[in-house]
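Chain residues, written in single-letter form:
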Amino acid sequence: MKIEELTAKVLNENPSMDRYKLAIAVAKRSEELDNGATSKLSVNSSSIKSTDLALMEIAEGLISIEGFNDSKH
């Protein structure tokens, strides 16, 4: 899936998140991956950039992003 499609998927499924918040989440997860965290996807992560991998994990719902939930229930 293309990066644009992954981004659209995340934003459509998380209405309280905007592109800025998504960028922060991707950067944080990417940093974790760069520092040795294991990917939650079953792909060869050495051939994929950490930022792309982070976005894919978020789009698949494998990474919980705290603080971006809508507090109005």
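About the cut-offs
Residues numbered from 1 in each chain as written. Predicted model: local features only at pLDDT ≥ 70, side-chain atom pairs only at ≥ 80, totals over all residues. Heavy atoms only, no water. 1 Å grid on protein atoms, 1.4 Å probe; cavity = no way out; pocket = protein on both sides within 12 Å on 5 of 7 lines; lining within 4 Å. Points joined across faces, edges and corners; volume = space filled by probe spheres on them. Helix = DSSP H or I, 4+ residues; strand = E, 2+ residues; numbered from the N terminus. Nonpolar A, V, L, I, M, F, W, Y, C, P; charged D, E, K, R; others polar. Salt bridge = Lys/Arg side-chain N within 4 Å of Asp/Glu carboxyl O. Buried < 20%, exposed > 50% of the residue type's maximum accessible area, 1.4 Å probe, protein only.

(A) Molecular detail of the layout of surface pockets. In this model, the largest pocket occupies a volume close to 190 Å³. In this structure, the largest pocket is lined by 11 residues; those nearest its centre are Lys28, Ile63, Ser64, Ile65 and Glu66. Tallying contributions element by element places helix α2 (residues 19-34) first for the lining of the largest pocket, with 5 residues. Across the lining of the largest pocket, the residue classes break down as 6 nonpolar, 1 polar and 4 charged.

(B) Main features of the pattern of salt bridges. Going through the model one piece at a time under the given rule, you end up with 3 salt bridges. Salt-bridge contacts for Lys9 lead to Glu60; the nearest nitrogen and oxygen are separated by 3.5 Å. With Lys9 in helix α1 (residues 3-13) and Glu60 in the segment after α3 (50-59), the pair connects residues that are 51 residues apart, well separated along the chain. Since its relative accessible area comes to 24%, Lys9 is described here as partly exposed. Look at Glu60 and you get partly exposed, because its relative accessible area is 48%. Salt-bridge contacts for Glu57 lead to Arg29; the nearest nitrogen and oxygen are separated by 2.6 Å. Highlighted residues: Glu57 in helix α3 and Arg29 in helix α2, separated in sequence by 28 residues. One network of salt bridges, in which partners are shared, links Arg29, Glu32 and Glu57.

The analysis is restricted to geometry; functional conclusions fall outside its scope.
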